[in-house]
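Here's the letter readout for the chains.
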Amino acid sequence: MSAHNLPGTVWYEANPAQKGLWVLDQVEQLRVTNLIPAVVEFKGPIDHGLMVSAVQRVLERHPALRSRFRLDIQHRRVEYRTDGEPGEVGFIDAKAEGWAAEELNRLVDVLCWTPFDLGSEPPVRAEVIRVDPATTLFVLTVHHIVCDGWSRSLLMAEISTVYRALADGSEPVLSAPPHPSEVITMIRADELDERLPDAAERLRGAPIEVKLPFRRDTDDTSLAGDTMAVQFDEDLTKALLTAAGEEGCTPFMTVVALLAGTLARTGDQRDFLFAFGWPGRGDPAIADAIGMFMNTVMIRVTLDDTTTWRELLRNARIGAMEAFIDGDVPLDAVTAAVRPERDVIWPPLSTVLVNMAEVPGDMEIAPGVVGRLQPLPSLHMKYDLGLFVRLNEESGRERLELSVDYTKALYDRDAVSDFLADLRRYALALSHSLEETVTDPSAAEVDLSTPEARTELVRSLWKEVLNNDDVTDDVSFFDVGGDSLLLIVLVERLTQATGRVVKTMDLFRAGTVRGHAELLAAPAADAASGSAGSARDRLLGAARAGGQD
């Protein structure tokens, strides 16, 4: 007898987000985009048997992770049961078994990106890999239909808790996990008729396409992705968040405004829809629930040719607040109401995602033994472009980090780097010129297109920083009054003026006005990729830049 029809099996109706993900999983090309993988590296002594036991316990105890899905044709609904066998946790001693580094890399890629059979397999897999006596990899891959970003962080923290308890010879103290059917984060069907008209009206008439000025025409439908990042320095971060705070904007709202303003200033679009993943965790009672409870909502931001940066911040704040209010209205219902003629499965209303970065914390399983998230072996895109926002406070001072995931078939890496430079350039405008018109064509733009323009810019900044008008193009910075502190000031002024991150050592080596101007002629990709805010971001960018087709 089929496991789908065992006597006594209880089938639960999938929530709207799960229904959408189940549909996407039926499209072969999109299956891989529904996976949430994580690769964690531990340095130090680990009891591998204990690690396997800890992970196994966690996977067994959460009903969502034992789910199996089916389509009930008679009632035309997607259903799931939670009495399936849990995912198995594997262990590989790569050194003892003779795994070469290249083979191990391929294994990690397979573990991360092999789709699940949602009808017959547990929607989660885990592998503990002993690389060498001092290094262990932990690979965890979960299907998005049973896990959101919030849940992944909870899972990894719980595995650490269980490991530490078992290592101490005690039983871990954990709260009983709720069944996913008990967690309600979206409105009931009887409320939908009342709420849907307002949610749909807010979006009606907005263009689905976000015109990205660096998108290229292509018939390539590959979903392979890449990533780049930029970090704003402490002063720019402070100025930007202070200016936005005057209008009550959070860092997320601020970046939404910055994105809309940058696209409006570099193109002709004035009405934008951006997708955003609403976590659905407003109720503290479900803050620790493991499952797929998020909803995708749409933030609408509009402006015209008279809108100032201050007004754009207000518009972004209002758009975000309206989206948050509608966070419990299912996306599929909104899409059907706004665009009933939509002829693609995904994305439904926007090709661009803006989200706060969901980065799980370190996994501390023993004193001095900490697992840190590693670069993924590859990236697969569901949206054409994703902009992720993180406020880094590791240094004791806030630095805003923006990372862009993009579809390689659609966007050239150098063009994405220029886009990041534009975001930084207009962040300066937003933070220092709130009353300036966003799209004012008379606003001064830095011209880096010719050697003469680059040289003139550098020469003018030397004069400003050195307070010396007697500057020639081939004299050393230090021979005309410069010192190490003034060189750092020059670095900051060049970065502010061009939107590119300029390295102090590069300026030191180049030495002259002409040499510095030549640095600005280099592709902006070098500057942007080197500006990734954290060690993980730099590793991630380097790995993806070097190993993908």
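Look above for the structure.
Structural notes, computed from the coordinates. (Residues numbered from 1 in each chain as written. Predicted model: local features only at pLDDT ≥ 70, side-chain atom pairs only at ≥ 80, totals over all residues. Heavy atoms only, no water.)

**What about the pattern of salt bridges?**
Per the counting criterion, the structure on display carries 38 salt bridges. Close ionic contact of Lys19 with Glu13 constitutes a salt bridge, the shortest N to O distance being 3.0 Å. Here Arg514 and Asp474 are joined by a salt bridge, their closest N and O atoms 2.8 Å apart. Taken together, the positions of Arg514 in helix H14 (residues 513-520) and Asp474 in the loop between helix H11 (451-466) and helix H12 (484-498) put the pair 40 residues apart, joining distant regions of the chain. Under the relative-accessibility criterion, Arg514 is labelled partly exposed at 38%. (Salt bridge = Lys/Arg side-chain N within 4 Å of Asp/Glu carboxyl O. Helix = DSSP H or I, 4+ residues; strand = E, 2+ residues; numbered from the N terminus. Buried < 20%, exposed > 50% of the residue type's maximum accessible area, 1.4 Å probe, protein only.)

**As for empty space enclosed by the protein**
Applying the stated rule across the entire model yields two cavities of 30 Å³ or more. Taken together, Ala199, Arg202, Leu203, Asn295, Thr296, Val297, Met298, Asp326, Val329, Leu331 and Val334 form the lining of the largest cavity. Secondary-structure elements contributing two or more residues to the lining of the largest cavity are helix H5 (189-203), strand S10 (295-302) and helix H9 (331-338). (1 Å grid on protein atoms, 1.4 Å probe; cavity = no way out; pocket = protein on both sides within 12 Å on 5 of 7 lines; lining within 4 Å. Points joined across faces, edges and corners; volume = space filled by probe spheres on them.)

**As for the nonpolar core**
Nonpolar side chains in soluble globular proteins tend to end up buried together. Counting 84 residues, the largest nonpolar core has Phe42, Met51, Ile129, Phe138 and Leu349 as the members making the most contacts within it. Counting 57 residues, the second largest nonpolar core, distinct from the first, contains Leu236, Leu258, Leu263 and Phe272. (Core = buried A, V, L, I, M, F, W, Y, C linked by side-chain atoms within 4.5 Å.)

**Looking at the sheet that holds strand S2 (residues 35-43)**
If you trace the six strands from one edge of the open sheet to the other, you get S5-S6-S7-S2-S13-S12, paired in mixed fashion. Each end of this open sheet is capped by a strand with a single partner; those strands are strand S5 (89-93) and strand S12 (363-366). Averaged over all pairs of adjacent strands, the angle between strand axes in this sheet comes to 20 degrees, irrespective of strand direction. Relative to strand S7 (residues 135-143), strand S6 (residues 124-132) runs antiparallel, the two being bridged by eight bridges. In the strand pairing of S7, Val124 is matched with Val142. Most of the contacts of helix H4 (residues 149-167) go to S12, to which it runs at about 5 degrees, and overall it touches S2, S7, S12 and strand S13 (369-373). (Pairing = 2+ DSSP bridges. Axes fitted to C-alpha atoms, helices over the stretch in contact; angles between N-to-C directions. Contact = heavy atoms within 4.5 Å.)

**Topic: the state of the cysteines**
Counting across every chain of the model gives zero disulfides. Cysteine Cys112 remains unbridged, with the sulfur of Cys147 as its closest cysteine sulfur at 14 Å. Using a relative accessible area of 0% as the deciding quantity, one classes Cys112 as buried. (Disulfide = S-S within 2.5 Å.)

**Looking at the packing of helix H6 (residues 234-245) against helix H10 (residues 413-432)**
Across the interface, H6 lies against H10 with an axial gap of 8 Å and an inter-helix angle of 50 degrees. On the basis of the axis angle, H6 is oblique to H10. Considering how the two elements wind past one another, H6 and H10 form a crossing that is left-handed. Packed against H6, whose contacting residues are Leu236, Ala239, Leu240 and Ala243, the element H10 presents Arg424, Ala427, Leu428, Leu430, Ser431 and His432 at the interface. The residue makeup of the contact of H6 with H10, split by class, is seven nonpolar, two polar and one charged. (Parallel < 35°, antiparallel > 145°, perpendicular 65-115°, else oblique. Left-handed = near helix turned anticlockwise from the far one by under 90°. Nonpolar A, V, L, I, M, F, W, Y, C, P; charged D, E, K, R; others polar.)

**Things to note about the pairing of strand S15 (residues 399-407)**
The element S15 is largely enclosed, with a buried count of eight among its nine residues. In this structure, strand S8 (residues 225-231) lies alongside S15, joined through seven bridges in antiparallel fashion. Within S15, the residue paired with Thr227 across the bridge is Asp405. Hairpin connection between strand S14 (residues 385-392) and S15: a loop of six residues separates the two successive antiparallel strands, and Gly396 in this loop has a positive phi of roughly 90 degrees.

**Topic: a nonpolar patch on the surface**
Side chains of Phe478, Met505 and Phe508 sit close together on the surface and give an oily, nonpolar patch of about 290 Å² of accessible area. Within the secondary structure, Met505 sits in helix H13 (residues 504-510). (Patch = residues over 30% accessible without salt bridge, like charges linked within 9 Å, V, L, I, M, F, W, Y side chains within 5 Å. Areas by Shrake-Rupley, 256 points an atom, 1.4 Å probe, with all protein chains shown as cover.)

**Examining the packing of aromatic side chains**
If you walk through the whole model with that rule in mind, you get 12 aromatic pairs. Ring geometry for Phe252 versus Phe276: centroids 4.6 Å apart, planes at 40 degrees, classification tilted. Note that Phe252 is positioned in helix H7 (residues 251-266) and Phe276 in strand S9 (residues 271-278), a separation of 24 residues in sequence. Pairwise contacts between aromatic rings join Phe252, Phe276, Trp278 and Phe324 into one cluster. Above the face of the Trp11 ring, Arg70 is positioned so that its terminal group lies 4.0 Å from the ring centre. The ring of Phe116 has Arg125 lying over it, and the distance from NZ or CZ to the ring centre is 4.1 Å. (Phe/Tyr/Trp six-rings, centres within 6.5 Å; stacked < 30°, edge-to-face > 60°. Lys NZ or Arg CZ within 6 Å of the ring centre and 35° of its normal.)

**Here we look at the sheet that holds strand S3 (residues 68-72)**
An order of S1-S4-S3 is seen for the three strands of this open sheet, with the pairing classed as antiparallel. The open sheet is flanked by strand S1 (12-13) and S3, the only strands paired with a single partner. Pairing of S1 with strand S4 (residues 77-81), which is carried by two bridges, proceeds in the antiparallel orientation. Across the sheet, residue Tyr12 finds its bridge partner in S4, namely Tyr80.

**A word on the pairing of S4**
Counting buried positions over the five residues of S4 gives four, a clear majority of the element. Where S3 meets S4, five bridges bridge the pair, whose relative direction is antiparallel. In the strand pairing of S4, Arg70 is matched with Glu79. Linking S3 back to S4 in an antiparallel pair, the connection comprises four residues, with Arg76 at a positive phi of about 55 degrees.

**Some details on the packing of H11 against H14**
Each pair of packed helices can be summarised by the angle the axes make with each other and by the distance between the axes. Running from N to C, H11 and H14 point in directions that differ by 125 degrees, and their axes come no closer than 8 Å. Judged by the angle between their axes, H11 and H14 are oblique. Crossing geometry of H11 relative to H14 is assigned as right-handed. Across the interface between the two elements, Arg454, Thr455, Leu457, Val458, Arg459 and Trp462 from H11 touch Val513, His516, Ala517 and Leu520 from H14. Across the contact of H11 with H14, the residue classes break down as six nonpolar, two polar and two charged.

Purely geometric numbers; function is a separate question.
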